[in-house]
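Observations on the three-dimensional arrangement
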Amino acid sequence: MIYRFLCAFIAAAAGISAQAQELLPARSALDDRAINEAWSQAWDDHLHSGKRVPFTPPSLSDIPEGEFGEMVKDGMQAFMYPALYASDYVGNELACTNCHLDIGRRAGAAPMWGAYPLYPKYRGKNKQVNTMEMRIQGCFRYSMNGTPPPADGDLMKSFLAYFSWLSQSAPIGAKLEGAGFYSLPDPEQEPDITRGAEVYAQWCATCHGQNGEGERHVDTVGWVFPPLWGAESYNWGAGMHQPGKASAFIKKNMPYGLQNVLSDQEAWDVAMFINSHERPQDPRFTGDVAETAERFHTSPYNLYGTVVNGAVLGANAYPAGRAPAN
Ligand code: HEC
Ligand code: HEC
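This section reports on the structure supplied with the text.

About the thresholds
Residues numbered from 1 in each chain as written. Chains lettered and ligands numbered in written order. Predicted model: local features only at pLDDT ≥ 70, side-chain atom pairs only at ≥ 80, totals over all residues. Helix = DSSP H or I, 4+ residues; strand = E, 2+ residues; numbered from the N terminus. Buried ≥ 20, exposed ≤ 12 C-beta atoms within 10 Å, placed from the backbone. Contact = placed C-beta atoms within 7 Å. Near = placed C-beta within 6 Å. Nonpolar A, V, L, I, M, F, W, Y, C, P; charged D, E, K, R; others polar. Domains from an automatic or database assignment. Core = buried A, V, L, I, M, F, W, Y, C linked by C-beta atoms within 7 Å. Axes fitted to C-alpha atoms, helices over the stretch in contact; angles between N-to-C directions. Parallel < 35°, antiparallel > 145°, perpendicular 65-115°, else oblique. Left-handed = near helix turned anticlockwise from the far one by under 90°.

1. Details of the overall build of the protein
The secondary structure content of the protein amounts to 14 helices and six strands. Scored against the burial criterion, the 326 residues of the protein give a buried share of 37%. For the protein, the proportion of contacts with a sequence separation of at least 24, taken over those separated by at least 6, is 68%.

Listed below in structure tokens is the structure:
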């Protein structure tokens, strides 16, 4: 069968080339090379122009059959329910998909297909080149207030399988459109907790609760509406505690289902407000809030270590997760 197909293919190719010789002007090998070079040059220019490369991840219905496909599905499941499928490593019941929306597929919510082609890369946070495994471990330690899973275990393998499948055919090293968070301009006015409280009451409290406590699923672990502060939330080391990151996430993605209703200023203000409450301790805590603030909390508008409502933030933090002290 394959043999017959091959023969037909060769015959057709030969036929076309004979026809082409008669009807079309001859195209030399040099022309072909020129065309190839021009094409790859344009692509290369695009990759290095600072412009983002458009990308659409594959549809979930296209997950392949077989062992690789099963591994991809395991990774997807752990991403949706880490408290069930990665329970040894989480210190809260958040899910990866609570922040990386649509199971890590939503543009502008730090999608996994936007991250995967960029690693290994240098990160200022820990001043070294990070692998994708280290990045995932970071979200376990801080966002999940837990402990990093081993880099070579089945759990990690399943995340990598899911992310690489999502990123298939994305150019390695390219910044894709929709990767990370959409950037938000610096605030026009200094972000303000009091104004943020008003935004919160109007736009957020119905789902996330008056006290940021969220709402649990009744029939399984995890949250219908995740908590935004308190013992069950991400810890003081997580990216979301930085008003710059939280505001960019919120502006594009919240209130859930009503994107882009907040002004930039409102997004900054409400990000300040949610991060003006206590949450679990930064696992890098040195034993001293001021020193920890100085070493790790230098991003703009970072509230850790400052006085809010008469108390130093970080001084009454909830226990950090189960991370080893490293
Ligand atoms: C509380 C919110 C939150 C949760 C929960 C969370 N993350 Fe993240 N994650 C973030 C933020 C914020 C960033 C930083 C995004 C940025 O800097 O653009 C990030 C970044 C990442 C990145 C790198 C993205 C990039 O564009 O470089 C990966 C990979 C990642 N997270 C994986 C996970 C995994 C896996 C889980 C679940 C085990 C998880 N995250 C849970 C908030 C969260
Ligand atoms: C209609 C309900 C709803 C409203 C209103 C809403 N959210 Fe959310 N929010 C959600 C849901 C649901 C998720 C988790 C999404 C998922 O798992 O797919 C979420 C996730 C988040 C997260 C990331 C998860 C975490 O625990 O940190 C933040 C931050 C957040 N919301 C902030 C806000 C802010 C600020 C507002 C108001 C401007 C707001 N939300 C309004 C439903 C809502």
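2. Description of the site of ligand 1
Taken together, 24 residues lie near ligand 1, and Cys96, Cys99, Ala115, Cys139 and Gly239 sit nearest. Taken together, the elements giving at least two residues each to the shell around ligand 1 come down to helix H5 (96-99), helix H7 (112-115) and helix H8 (132-141). Here the element with the most residues in the shell around ligand 1 is H8; it accounts for four residues. Per-class residue counts for the shell around ligand 1 are 16 nonpolar, six polar and two charged. In terms of domain composition, the shell around ligand 1 takes at least three residues from each of domain 1 (65-166) and domain 2 (193-312).

3. Quick notes on unusual backbone geometry
Going from Tyr119 to Pro120, the amide bond is cis rather than trans, its omega being 0°. Along the chain, the position of Pro120 falls in the loop between H7 and strand S1 (121-123). Geometrically, the link from Met254 to Pro255 is a cis peptide bond, its omega value of -5° lying close to zero. The topology assignment puts Pro255 in the loop between helix H12 (243-253) and helix H13 (264-274). Its identity is not glycine, yet Asp102 carries a phi of approximately 50°, on the positive side.

4. Some points on the site of ligand 2
The immediate surroundings of ligand 2 are formed by 26 residues, with Cys204, Cys207, Pro226, Pro255 and Tyr256 found nearest. Contributing elements (two or more residues each) for the shell around ligand 2: H5, helix H11 (205-208), H12 and H13. Along the lines of polarity and charge, the residues of the shell around ligand 2 split into 20 nonpolar, six polar and no charged. When residues of the shell around ligand 2 are assigned to domains, at least three fall in each of domain 1 (65-166) and domain 2 (193-312).

5. Things to note about H12
Each α-helix winds once per 3.6 residues, and so residues spaced three or four apart point in a common direction. For H12, the buried fraction is high: eight of the 11 residues fall into the buried class. Taken together, the buried positions of H12 are occupied by Pro243, Ala246, Ser247, Ala248, Phe249, Ile250, Lys251 and Lys252.

6. Side note on the nonpolar core
Counting 58 residues, the largest nonpolar core has Tyr162, Ile250, Val270, Ala271 and Ile274 as the members making the most contacts within it. Those elements giving two or more residues to this core turn out to be helix H3 (66-80), H5, H7, H8, helix H9 (154-166), helix H10 (193-203), H12 and H13. Top contributing element to this core by residue count: H9, with eight residues. Each of domain 1 (65-166) and domain 2 (193-312) accounts for three or more of the residues forming this core. Setting aside anything within four residues of it in sequence, one finds Val270 in contact with Gly196, Val199, Tyr200, Cys204 and Ile250. Counting six residues, the second largest nonpolar core, distinct from the first, contains Trp236, Val289, Tyr304 and Leu313.

7. Quick word on the environment of Pro226
Examined against the element boundaries, Pro226 turns out to sit in the loop between strand S4 (223-225) and H12. Judged by C-beta crowding, with 22 C-beta atoms within 10 Å, Pro226 ranks as buried. Measuring from C-alpha to C-alpha, the distance between Pro226 and Glu93 comes to 8.7 Å, with 133 residues separating the pair along the chain.

8. Focus: the packing of H12 against H13
Orientation of H12 relative to H13, taken along the N-to-C sense of each, is 125°, at an axis distance of 8 Å. On the basis of the axis angle, H12 is oblique to H13. When you trace H12 past H13, the crossing you get is right-handed. Residues Pro243, Ala246, Ser247, Ile250 and Lys251 of H12 form the contact with H13, whose own contacting residues are Asp264, Ala267, Trp268, Val270, Ala271, Met272 and Ile274. Split by residue class, the contact of H12 with H13 holds nine nonpolar, one polar and two charged.

Any functional reading would require information that these geometric values do not contain.
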